[in-house]
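# Coordinate analysis (summary)
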Amino acid sequence: MTMVAGRDGTSLFDKYHQWVNIDFIMEKCLIGYLVDSSGKPVEGSVPEEEEEDETDDVVDEEALKNAMLNANISQSLEELD
């Protein structure tokens, strides 16, 4: 790690860990993609093969409820300050 401190260490990492598939390792950790205020994915935040057609707008009701609840809690906490 210190050999590439402050620089791109991709080639050194690949020299010893080329077999690592970060997409597979992190797959279970994905909780969502970054979207703007209109709900559209931010450019580059969704891998090309996973981008949805605009006709495939399916809303996960539970995720939407949780997001709204978290937003309300955050707003309430800000009002307490």
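Just so it is clear, the model here is predicted, and its values are computed rather than measured.

### Regarding the overall build of the protein
- The secondary structure content of the protein amounts to 3 helices and 0 strands.
- Starting at the N terminus and ending at the C terminus, the protein contains elements arranged as α-α-α.
- Burial statistics for the protein: of 81 residues in total, 2% are counted as buried.
- Accessible area of the protein: about 8100 Å², with a carbon and sulfur share of 55%.

### Let's talk about a nonpolar patch on the surface
- Taken together, I22, F24, I25 and M26 make up a surface patch of nonpolar side chains, about 440 Å² in accessible area.
- One can find I25 in helix α2 (residues 22–26).

### Describing the confidence of the model for the protein
- Of the residues in the protein, 78% reach a pLDDT of 70 or more, and the chain-wide mean stands at 76.
- The spread of mean pLDDT over the elements of the protein runs between helix α3 (residues 61–80), the lowest at 72, and helix α1 (residues 10–17), the highest at 85.

What counts, and at which threshold
- Residues numbered from 1 in each chain as written.
- Predicted model: local features only at pLDDT ≥ 70, side-chain atom pairs only at ≥ 80, totals over all residues.
- Heavy atoms only, no water.
- Helix = DSSP H or I, 4+ residues; strand = E, 2+ residues; numbered from the N terminus.
- Buried < 20%, exposed > 50% of the residue type's maximum accessible area, 1.4 Å probe, protein only.
- Areas by Shrake-Rupley, 256 points an atom, 1.4 Å probe, with all protein chains shown as cover.
- Patch = residues over 30% accessible without salt bridge, like charges linked within 9 Å, V, L, I, M, F, W, Y side chains within 5 Å.
- Salt bridge = Lys/Arg side-chain N within 4 Å of Asp/Glu carboxyl O.
- pLDDT = per-residue confidence, 0-100.

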